[in-house]
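# Coordinate inspection notes
For reference, the chains in residue letters:
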Amino acid sequence: MARNRSEFSGYSSIAFLFLALLLHFYSGRCDLQLSYYSESCPRAEEIIKQEVISLYHKHGNTAVSWIRNLFHDCIVESCDASLLLETANGVKSEKLSPRSFGMRNFKYVDTIKRAVESECPQTVSCADIVALSARDGFVLLGGPHIEVKTGRRDSKESHAGTVEDSIPNHNDSISLVLSRFQSIGIDVEGTVALLGAHSVGRVHCVNLVNRLYPTVDPTLDPDYAEYLKRRCPSPEPDPHAVEYARNDLETPMVLDNMYYKNILSHKGLLLVDQQLVSDPTTSPFVEKMADDNGYFLDQFSRALLLLSENNPLTEDDGEIRKDCRYVNI
């Protein structure tokens, strides 16, 4: 009997050790890491950074695009550059979704990819270019440098069928917005911070006329509503026309806490902006971020990192695309 107990104990120890090694192996497979390309392409991150800076000096709005690209790519299934795929060879592009309305500058992702490919052919993924360009774009918009892990691989398919369910709409309730971010591990504080990206760039009139016509949303500051009506004079704007309003008139190309100050003054463009102020779950964070730009930037940085690490493809999953627009053939 003692011998049987000893044998069982021995088998249990071996099984436990095997299970521990197995768990370590599988957890390791999913891990991104800092300086992933330190040996395979040592200059990769510097090349991407220099391309982002160069493009910014030629086309300042690219810095805003890089952050929006990260959001649209990572919140839909995985940070896997599926966003960048064009409709071709049986693939339906995510760019065709109404949620992608107004997105631009994709051609400059190709510019960055070509620069990296000339140094290290088929080594650096498009998914990592999306993540690193967002990091560097954040700095150009006034944010701090953050350490972004790399090692993502590119998807071989589009997630066009799940875009609508994954990306919150500007007219969604704040509870739905919070739940969608929560589903990828971003808490209320982080969600409020990420919505601060509305501090930069602009919004097409298509997305805000519902607050102006047929009657003005009573939660809008009256003088601000008049400004918006001058920018968007028609209740049915042409989606192809250049009809936009700035998110922030004072620091339109600086990612700062002016967004929160504006929405507390009833000068938010989108319905979701106003809901951040009126909802008791989010309003304390709005007030805190309006009071402290450093706190806002810290929380934005934290949430951006969480977003950038959502369910990445690594190791043998996916591929390294030669061209970010198409899966490899």
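This text follows the structure it describes.
Residues numbered from 1 in each chain as written. Predicted model: local features only at pLDDT ≥ 70, side-chain atom pairs only at ≥ 80, totals over all residues. Heavy atoms only, no water.

### Quick word on the overall build of the protein
A tally of helices and strands in the protein yields 13 helices and two strands. For the protein, the spread of C-alpha atoms along the principal axes amounts to about 85 × 50 × 40 Å. Taken across its 329 residues, the protein has 49% of its residues classed as buried. Across the protein, every contact between residues at least 6 apart in sequence was considered, and the portion connecting residues at least 24 apart equals 76%. On the protein, roughly 15,800 Å² of surface is accessible, and the fraction owed to carbon and sulfur atoms is 53%. (Helix = DSSP H or I, 4+ residues; strand = E, 2+ residues; numbered from the N terminus. Buried < 20%, exposed > 50% of the residue type's maximum accessible area, 1.4 Å probe, protein only. Contact = heavy atoms within 4.5 Å. Areas by Shrake-Rupley, 256 points an atom, 1.4 Å probe, with all protein chains shown as cover.)

### Focus on unusual backbone geometry
Look at the link from Y213 to P214: it is a cis peptide, with omega at 0°. If you trace the backbone, P214 turns up in the loop between β1 (202-204) and α9 (222-231). Of note in this structure, Q122 is not a glycine but carries a positive phi near 45°. Inspection of the secondary structure puts Q122 in the loop between α4 (106-119) and α5 (126-140). Residue classification places Q122 among the partly exposed residues on the basis of a relative accessible area of 36%.

### Considering the packing of aromatic side chains
Taken as a whole, this structure holds seven aromatic pairs when the rule is applied. Ring centres 5.8 Å apart and planes at 20° place the aromatic pair F71 and F181 in the stacked group. You can see F71 sitting in helix α3 (residues 62-74) and its partner F181 sitting in helix α7 (residues 174-182), a full 110 residues away along the chain. Neither residue differs from the other here; F71 and F181 are each classed as buried. Consider the rings of Y224 and Y227, whose centres lie 5.7 Å apart with planes at 35°: the pair is tilted. Residue Y224 and its partner Y227 are both found in helix α9; the two are separated by three residues, about one turn of the helix. Ring pairing ties together the aromatic residues F138, Y259, Y260, F296 and F300, which thus form one cluster. The cationic tip of K95 hangs over the ring face of F106; the distance from NZ or CZ to the ring centre is 4.4 Å. Across the ring face of Y244, the terminal group of R202 is positioned such that the distance to the ring centre comes to 3.7 Å. (Phe/Tyr/Trp six-rings, centres within 6.5 Å; stacked < 30°, edge-to-face > 60°. Lys NZ or Arg CZ within 6 Å of the ring centre and 35° of its normal.)

### Focus on the environment of E243
Relative to the helices and strands, E243 is located in the loop between α9 and β2 (244-246). In sequence terms E243 and C205 are 38 residues apart; their C-alpha atoms lie 5.7 Å from each other. Ignoring any residue separated from it by four or fewer positions in sequence, one finds E243 in contact with V203, H204, C205, P237 and D238.

### Looking at helix α13 (residues 293-308)
For α13, spanning 16 residues, the distance from its first C-alpha to its last is 22 Å, which sits close to the expected 22 Å at 1.5 Å a residue. Here α13 has its buried residues at Y295, F296, L297, Q299, F300, S301, A303, L304, L307 and S308. Measuring from the backbone nitrogen of G294 back to the side-chain oxygen at the start of α13 gives 3.0 Å, which picks out D292 as the cap. (Expected span 1.5 Å × (residues − 1). Polar contact = N/O pair within 3.5 Å; in protein donor to acceptor, adjacent residues only side chain to side chain.)

### Remarks on the pattern of salt bridges
Within this structure, the stated rule accounts for 13 salt bridges. Its salt-bridge partner being R99, residue E164 comes within 3.2 Å of it at the nearest N-O pair. With a gap of 65 residues between them, E164 in helix α6 (residues 163-166) and R99 in the loop between α3 and α4 connect regions that are remote in the sequence. Judged by relative accessible area, which is 18%, R99 ranks as buried. Notably, a salt bridge pairs R180 with D172, separated by 3.7 Å at the nearest N-O pair. If you follow the salt bridges from partner to partner, you end up with E45, R135 and D136 in one network. (Salt bridge = Lys/Arg side-chain N within 4 Å of Asp/Glu carboxyl O.)

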